[in-house]
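Each chain, letter by letter, is given below.
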Amino acid sequence: MLMTCVGLFFAVANSSLFTLHSSLLHAQGVQKGIASYYGRSATGRMTSSGERLHHDSMTCAHRTHPFGTLLQVHNPANDSTVVVKVNDRGPFGRGRIIDLSWGAARRLGILQQGIAPVTVTVYTPPSPLVIDSLRPAPLSAPQPVSLVQLLRQPLLPHLPLVQ
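Summarised in this report is the structure supplied together with it. Predicted, not measured: the structure shown is a model, and the values here were computed from it.

To continue, consider unusual backbone geometry. Put simply, G90 and P91 share a cis peptide bond, and its omega is 0 degrees. Tracing the chain through its elements places P91 in the loop between β4 (80-88) and β5 (96-100). Although it is not a glycine, D79 adopts a positive phi angle of roughly 60 degrees. Inspection of the secondary structure puts D79 in the loop between β3 (70-75) and β4. A residue is classified by how much of its surface remains accessible, and D79, at 59% relative accessible area, is exposed.

Spatially, the six strands close up into a barrel ordered β1-β5-β2-β4-β3-β6, and their pairing is mixed. Neighbour to neighbour, the strand axes of the sheet diverge by 45 degrees on average, direction disregarded. Relative to strand β6 (residues 116-122), strand β1 (residues 31-37) runs antiparallel, the two being bridged by five bridges. For K32, the partnering residue across the bridge sits in β6 and is T119.

This brings us to the nonpolar core. One recurring pattern in soluble globular proteins: nonpolar side chains tend to sit buried together. Ranked by size, the top nonpolar core spans 17 residues in total, and within it V73, V84, I98 and L100 carry the most contacts. When residues of this core are traced back to their parent elements, those giving at least two are β3, β4, β5, α2 (102-108) and β6. Every residue in contact with V84, bar those within four places of it in the chain, is listed here: M58, T59, C60, T69, L70, L71, V73, L100 and A104.

In the sheet, β3 pairs with β6 via four bridges, with the strands oriented antiparallel. Within the sheet, the bridge partner assigned to L71 lies in β6 and is V122.

Turning next to the pattern of salt bridges. As enumerated under the stated definition, the model contains two salt bridges in all. Of the charged contacts, one joins D88 and R45 as a salt bridge, the two residues approaching to 2.8 Å between their closest N and O atoms. In this pair, D88 is assigned in strand β4 and R45 in the loop between β1 and β2 (59-61), connecting sequence segments 43 residues apart. Taking relative accessible area as the criterion, D88 reaches 3% and is therefore assigned buried. The exposure class assigned to R45 is partly exposed, which follows from its relative accessible area of 35%. Of the charged contacts, one joins E51 and K85 as a salt bridge, the two residues approaching to 3.1 Å between their closest N and O atoms. Linking E51 in the loop between β1 and β2 with K85 in strand β4, this pair joins segments that are 34 residues apart in sequence. Among the residues examined, E51 registers a relative accessible area of 31% and is labelled partly exposed.

Thresholds applied
- Residues numbered from 1 in each chain as written.
- Predicted model: local features only at pLDDT ≥ 70, side-chain atom pairs only at ≥ 80, totals over all residues.
- Heavy atoms only, no water.
- Helix = DSSP H or I, 4+ residues; strand = E, 2+ residues; numbered from the N terminus.
- Buried < 20%, exposed > 50% of the residue type's maximum accessible area, 1.4 Å probe, protein only.
- Pairing = 2+ DSSP bridges.
- Axes fitted to C-alpha atoms, helices over the stretch in contact; angles between N-to-C directions.
- Core = buried A, V, L, I, M, F, W, Y, C linked by side-chain atoms within 4.5 Å.
- Contact = heavy atoms within 4.5 Å.
- Salt bridge = Lys/Arg side-chain N within 4 Å of Asp/Glu carboxyl O.

Here is the structure:
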């Protein structure tokens, strides 16, 4: 009896560890698996989020990520990457982790084979502070100039000004 309880406890603990381990991976947003895509004929279909699907949109279906989550999908076969928004539930095919829109699949280069191994991570856009630091400094506004000052400037700067 004690052995059964210990075995049961181990199974429950092992199951909890697996759940904890997979939830930590999911929290970090790292998944590896097979991606498939919606055909172009799915355009106009209502998604689980209430949006209409368009084949050129950069959207996807995922089983667990909340609607609106941005996911970065990487195809290691050709080193291409896209960012898609979760707006549907699925995929329900065995072994698949994400269903992509036709446009996202085209950019990833998986239209020919229909499915492909991919890595999916949660995409977090750079903070506005980082973006602002990368922007060039704005040009200063030109100073007002009077008409007299404009007329005194030479038309051709390399010629001497005649007075």
